[in-house]
Amino acid sequence: MGGERQHYYGKHGTPQKYDPTFKGPIYHRGCTDIICCVFLLLAIVGYVAVGIIAWTHGDPRKVIYPTDSRGEFCGQKGTKNANKPYLFYFNIVKCASPLVLLEFQCPTPQICVEKCPDRYLTYLNAHRSQDFEYYKQFCVPGFQTNKGVAEVLRDGDCPAVLIPSKPLARRCFPAIHAHKGVLMVGNETTYEDGHGSRKNITELVEGAKKANGVLEARQLAMRIFEDYTVSWYWIVIGLVIAMLLSLLFIVLLRFLAGVMVWVMVTMLILVLGYGIFHCYMEYMRLRGEAGSDISLVDLGFQTDLRVYLHLRQTWMAFMIILSILEAVIILLLIFLRKRILIAIALIKEASRAVGYVMCSLLYPLVTFFLLCLCIAYWASTAVFLSTSNEAVYKIFDDGTCQFAGKTCNPETFASSNESRLCPGAHCQFAFYGGESGYHRALLGLQIFNAFMFFWLANFVLALGQVTLAGAFASYYWALHKPDDLPAFPLFSAFGRALRYHTGSLAFGALILAIVQIIRVMLEYLDQRLKAAENKFAKFLMTCLKCCFWCLEKFIRFLNRNAYIMIAIYGTNFCTSARNAFFLLMRNIIRVAVLDKVTDFLFLLGKLLIVGSVGILAFFFFTHRIRIVQDTAPPLNYYWVPILTVIVGSYLIAHGFFSVYGMCVDTLFLCFLEDLERNDGSAERPYFMSPNLKRLLNKTNKKLAES
């Protein structure tokens with residue numbers, strides 16, 4: 001037996017040796033992984049430099065404001081288009097051209113206007129009528145009226161036709177609507193194309209498909225905003241109720257964890273038993289019916305799956321599967337009953353630990369604040385980088401101009417050779433780009449921006465895990481709880497993590513960030529390969545994505561347990577990861593049982609909290625219940641506050657349970673270390689709770705003698 005135990009430990013590492021001076025998280029420790037700490041600081045300095053460069057060259061107005069054919073912003077204060085906030089397309093139908101997908105620009109002149117057209121007019125009818133003054137505001141700036149109709153339309157000085165439009169995202173789109181099954185723009189079912197012929201209005205649908213429901217979308221947004229303004233007070237109350245229920249559930253786990261687990265296990269066994277009985281009854285009912293004895297192989301695959309329910313062999317297969325599941329669950333309960341009891345005891349002990357370190361429930365707010373800073377810096381830097389290009393102008397032409405797509409200068413294009421050879425061509429703004437070294441490096445800077453976001457976000461999460469682990473480890477290793485618990489354990493653990501283990505946290509976060517940025521690149525390549533017909537490339541991409549997804553999950557699991565060991569012993573990241581991994585491998589069955597039991601309880605808790613608050617919000621905002629007379633405010637859409645309360649309740653419950661889950665994992669590793677380090681003697685007493693010692697038939701001899 002001793003030889004087997006020695007071989008077992010040799011296979012899965014060596015347990016921690018007994019240290020008489022160890023009384024919990026080591027306070028006298030040194031800095032770990034200093035090189036990674038230096039790399040992180042240098043990377044942050046570089047990240048700040050990238051942000052400064054991006055903010056110097058970038059211009060977010062390119063995202064906020066639409067741009068006309070000359071690259072000028074519409075509605076920007078301090079410019080000549082300050083009072084012209086909307087972008088008007090001369091011929092919206094051309095926006096349906098495949099060229100839009102390549103150039104990200106409609107091959108038609110675009111100008112900034114004060115308001116979108118509200119009537120149907122053609123240039124041919126308007127140029128000699130009183131409507132011409134109205135029509136001229138939709139012509140290019142500096143339009144000269146001394147040209148003939150053909151010259152104006154040829155040079156693209158004015159649109160051939162005005163169509164009633166509505167603004168969407170500061171752009172004018174035809175106000176298409178259906179009337180008695182007929183598509184109409186304004187009151188028209190046809191439009192004139194500028195060459196004297198009228199066409200059906202359905203030809204505008206592709207070019208103006210974004211205009212469908214413009215007014216409805218705007219009204220929807222306004223109504224949702226109104227609902228928030230009158231119901232925000234009750235939404236906050238609902239979120240407070242969710243917070244109180246989360247806290248209450250964590251407290252009740254101390255008393256009801258065992259009851260909930262065994263009740264659900266019993267219900268699962270009963271449900272499977274009823275399933276077996278139902279399958280048997282269906283199997284017997286089909287005996288003697290015509291066609292019920294046909295085998296599944298003879299029947300083959302059928303699109304209507306209900307056909308299989310008329311076969312006896314189907315119900316026999318269901319009954320066998322359910323019987324195997326029932327037998328497996330009963331055998332697991334018989335052989336793993338003690339480990340399930342240990343998992344329940346650890347969950348109860350975690351509830352006590354959270355009760356003694358109540359400020360730990362507020363720590364997710366710190367993590368949330370730091371993550372918001374990371375997201376804000378990353379998003380702003382990404383926007384400034386993406387808008388730091390220069391305006392590029394290209395030649396656009398409807399026909400077969402040989403110069404189409406070439407760069408041009410809008411100031412000199414009218415007198416250029418290209419304009420003479422291609423009379424119908426236009427030199428207009430195409431996109432923002434550039435040929436300088438900085439512009440060529442923009443893609444790399446964006447990748448660096450994303451990588452640093454992953455690194456810093458993972459570092460913030462790691463800091464929270466080490467802080468919570470240090471606080472809860474202080475609770476476990478206090479021999480006389482809570483008398484031996486140090487003052488302010490959470491703040492002490494936070495200080496130790498930043499002072500000594502910034503490098504280790506950076507190391508773990510770096511490994512995870514590398515895997516995440518590779519996954520992002522694989523997703524990008526997968527999107528580019530979707531149009532390809534290479535099945536091997538698609539198969540290889542799918543395999544790589546699956547492998548890196550699994551790798552990320554494993555690294556997250558390993559990092560989490562490594563951070564716990566760092567918080568307790570103050571060792572570097574690699575040593576902590578190795579010790580944590582081997583410790584878990586030596587107790588792999590206990591790990592699996594505890595993981596599934598806690599997952600089940602957390603799922604049950606989230607369902608109870610979100611479901612209870614969601615049902616209460618539904619009955620309240622639909623006036624099914626009233627706290628006082630006419631409490632619920634009148635709403636346009638009652639689902640707006642209800643969905644907000646449900647999503648907010650889930651996030652609150654997830655935040656509370658993340659702390660509780662970290663507590664359970666920390667106490668579990670401490671429990672395993674306690675079993676390997678100590679033997680219950682006066683010199684090496686157990687630190688576990690009395691309930692755990694009773695389950696394991698362990699006692700501290702000194703306490704037993706007294």
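All values derive from a computational prediction rather than experimental measurement.

1. Let's talk about the overall build of the protein
Next, step 1: Helix and strand counts for the protein come out as 22 helices and 12 strands.
Next, step 2: Buried residues in the protein amount to 43% of all 706 residues.
Next, step 3: A separation of at least 24 residues holds for 71% of the contacts in the protein among residues at least 6 apart in sequence.

2. Notes on the nonpolar core
Next, step 1: Counting residues in hydrophobic clusters, the biggest one holds 105 residues, and the most contacted among them are Trp455, Tyr660 and Phe671.
Next, step 2: At 20 residues, the largest contribution of residues to this core is made by helix H14 (residues 442-476).
Next, step 3: Other than its neighbours up to four places away in sequence, Phe671 contacts Ile342, Leu346, Tyr476, Arg590, Met688, Leu692 and Leu696.
Next, step 4: Counting residues in hydrophobic clusters, the runner-up holds 18 residues, among them Phe90, Cys116, Tyr123 and Ala126.

3. Observations concerning helix H17 (residues 535-569)
Next, step 1: Taking 1.5 Å of rise per residue, 35 residues should cover 51 Å, and H17 covers 50 Å from first to last C-alpha, within 8% of that figure.
Next, step 2: Of the residues trailing H17, Gly570 is marked for its positive phi of about 75°.

4. A few points about a positive patch on the surface
Next, step 1: A grouping of Arg337, Lys338, Arg339 and Lys698 is seen on the molecular surface, where their side chains present a positively charged patch.
Next, step 2: For Lys338, the position within the fold is in helix H10 (residues 312-356).
Next, step 3: Taking relative accessible area as the criterion, Lys338 reaches 39% and is therefore assigned partly exposed.

5. What to know about unusual backbone geometry
Next, step 1: One non-glycine residue, Asp33, lies in positive phi territory at about 50°.
Next, step 2: Within the element layout of this structure, Asp33 appears in the loop between helix H1 (2-11) and helix H2 (34-57).

6. Points about a nonpolar patch on the surface
Next, step 1: A cluster of nonpolar residues, Leu248, Val251, Leu252, Phe255, Leu256, Val259, Val263, Met264 and Met267, forms a patch on the protein surface that exposes about 740 Å² of accessible area.
Next, step 2: Here Leu252 lies in helix H8 (residues 214-285).
Next, step 3: In this structure Leu252 comes out as partly exposed when scored by relative accessible area, which is 34%.

7. As for the pairing of strand E6 (residues 171-174)
Next, step 1: Strand direction decides the pairing type here: strand E5 (residues 165-168) and E6, joined by four bridges, are antiparallel. When the bridges of E6 are listed, Leu168 appears paired with Arg171.
Next, step 2: Between E5 and E6, which follow one another and run antiparallel, lie two residues, and Ala169 among them has a positive phi close to 55°.

8. Let's talk about the environment of Phe573
Next, step 1: Among the secondary structure elements, Phe573 is positioned in helix H18 (residues 573-585).
Next, step 2: Taking the relative accessible area as the measure of exposure, Phe573 reaches 5% and is therefore buried.
Next, step 3: For the pair formed by Phe573 and Ser504, sequence separation is 69 residues and the distance between their alpha carbons is 5.1 Å.

9. Some thoughts on the packing of H2 against helix H11 (residues 363-386)
Next, step 1: Across the interface, H2 lies against H11 with an axial gap of 8 Å and an inter-helix angle of 45°. Relative to H11, the element H2 lies oblique. Regarding H2 and H11, the two cross each other, and that crossing is left-handed. Between H2, through Tyr47, Val48, Val50, Gly51, Ala54 and Trp55, and H11, the contact on the second element is made entirely by Tyr377, Trp378, Ser380, Thr381, Phe384 and Leu385.

10. Structural notes on the packing of aromatic side chains
Next, step 1: This structure, assessed with the given rule, holds 31 aromatic pairs.
Next, step 2: With a centroid separation of 4.7 Å and 70° between ring planes, the pair formed by Tyr47 and Tyr377 is classed as edge-to-face. A residue pair is termed long-range when its members are at least 10 positions apart, and Tyr47 in helix H2 and Tyr377 in helix H11 qualify at 330 residues.
Next, step 3: Judged by relative accessible area, Tyr377 falls into the partly exposed class, the value being 21%.
Next, step 4: Taking the centre distance of 6.1 Å and the plane angle of 85° together, the rings of Tyr47 and Phe448 count as edge-to-face. Separated by 401 residues along the polypeptide, Tyr47 in helix H2 and Phe448 in helix H14 bring together distant segments of the chain.
Next, step 5: Accessibility expressed as a relative area gives 4% for Tyr47, which makes it buried.
Next, step 6: Counting every residue linked through ring pairs, the aromatic cluster contains Tyr47, Trp55, Tyr377, Phe384 and Phe448.
Next, step 7: Over the ring of Tyr134 we find Arg119; its NZ or CZ atom is 3.8 Å from the centre of that ring.

11. A closer look at the environment of Leu603
Next, step 1: Position of Leu603 relative to the elements: it lies in helix H19 (residues 588-621).
Next, step 2: With 54 residues separating them in the primary sequence, Leu603 and Phe657 have C-alpha atoms 9.7 Å apart.

12. As for the confidence of the model for the protein
Next, step 1: Mean pLDDT over the protein stands at 79; residues scoring 70 or higher make up 83%.
Next, step 2: For the protein, H1 is the element with the lowest average pLDDT, namely 42, and H2 is the one with the highest, namely 93.
Next, step 3: Between residues 1-10, whose pLDDT stays under 50, and residues either more than four places distant or in other chains, the model counts seven contacts.

13. Describing the side chain of Glu349
Next, step 1: Assignment of secondary structure puts Glu349 in helix H10.
Next, step 2: Classification of Glu349 by relative accessible area gives buried; the value is 5%.
Next, step 3: If sequence neighbours within four positions are ignored, Glu349 has contacts with Tyr475, Lys481, Leu667 and Ser689.

14. Some points on the state of the cysteines
Next, step 1: Tallied over the entire structure, the rule returns three disulfides.
Next, step 2: The side chain of Cys116 participates in a disulfide bridge whose partner is Cys172; the two sulfur atoms lie 2.0 Å from each other. Given an S-S torsion of about -85°, the disulfide between Cys116 and Cys172 has left-handed geometry. Of the two residues, Cys116 is situated in the loop between strand E2 (110-113) and strand E3 (121-122) and Cys172 in strand E6; the sequence distance between them amounts to 56 residues. This pair shows no difference in class: Cys116 is buried, exactly as Cys172 is.
Next, step 3: At a sulfur-sulfur separation of 1.9 Å, the disulfide partner of Cys139 is Cys158.

15. Comments concerning the packing of H2 against helix H16 (residues 502-529)
Next, step 1: At a minimum axis distance of 7 Å, the contact between H2 and H16 shows a crossing angle of 70°. With respect to H16, the axis of H2 lies roughly perpendicular. Where H2 approaches H16, its residues Cys36, Cys37 and Leu40 are matched on the opposing element by Thr502, Gly503, Ala506 and Phe507.
Next, step 2: Here the residues of the contact of H2 with H16 sort into five nonpolar, two polar and no charged.

16. Concerning the pattern of salt bridges
Next, step 1: Here the structure, examined in full by the defined rule, presents 13 salt bridges.
Next, step 2: The partner of Glu523 in a salt bridge is Lys545, with the nearest N and O atoms 3.5 Å apart. In this pair, Glu523 is assigned in helix H16 and Lys545 in helix H17, connecting sequence segments 22 residues apart.
Next, step 3: Under the relative-accessibility criterion, Glu523 is labelled partly exposed at 34%.
Next, step 4: Of the charged contacts, one joins Arg560 and Asp665 as a salt bridge, the two residues approaching to 2.6 Å between their closest N and O atoms. In this pair, Arg560 is assigned in helix H17 and Asp665 in helix H20 (residues 639-677), connecting sequence segments 105 residues apart.

The rules behind these values
- Residues numbered from 1 in each chain as written.
- Predicted model: local features only at pLDDT ≥ 70, side-chain atom pairs only at ≥ 80, totals over all residues.
- Heavy atoms only, no water.
- Helix = DSSP H or I, 4+ residues; strand = E, 2+ residues; numbered from the N terminus.
- Buried < 20%, exposed > 50% of the residue type's maximum accessible area, 1.4 Å probe, protein only.
- Contact = heavy atoms within 4.5 Å.
- Core = buried A, V, L, I, M, F, W, Y, C linked by side-chain atoms within 4.5 Å.
- Expected span 1.5 Å × (residues − 1).
- Patch = residues over 30% accessible without salt bridge, like charges linked within 9 Å, V, L, I, M, F, W, Y side chains within 5 Å.
- Areas by Shrake-Rupley, 256 points an atom, 1.4 Å probe, with all protein chains shown as cover.
- Salt bridge = Lys/Arg side-chain N within 4 Å of Asp/Glu carboxyl O.
- Lys, Arg positive; Asp, Glu negative; His and termini not counted.
- Charge placed at Lys NZ, Arg CZ, Asp CG, Glu CD.
- Pairing = 2+ DSSP bridges.
- Axes fitted to C-alpha atoms, helices over the stretch in contact; angles between N-to-C directions.
- Parallel < 35°, antiparallel > 145°, perpendicular 65-115°, else oblique.
- Left-handed = near helix turned anticlockwise from the far one by under 90°.
- Phe/Tyr/Trp six-rings, centres within 6.5 Å; stacked < 30°, edge-to-face > 60°.
- Lys NZ or Arg CZ within 6 Å of the ring centre and 35° of its normal.
- pLDDT = per-residue confidence, 0-100.
- Disulfide = S-S within 2.5 Å.
- Nonpolar A, V, L, I, M, F, W, Y, C, P; charged D, E, K, R; others polar.

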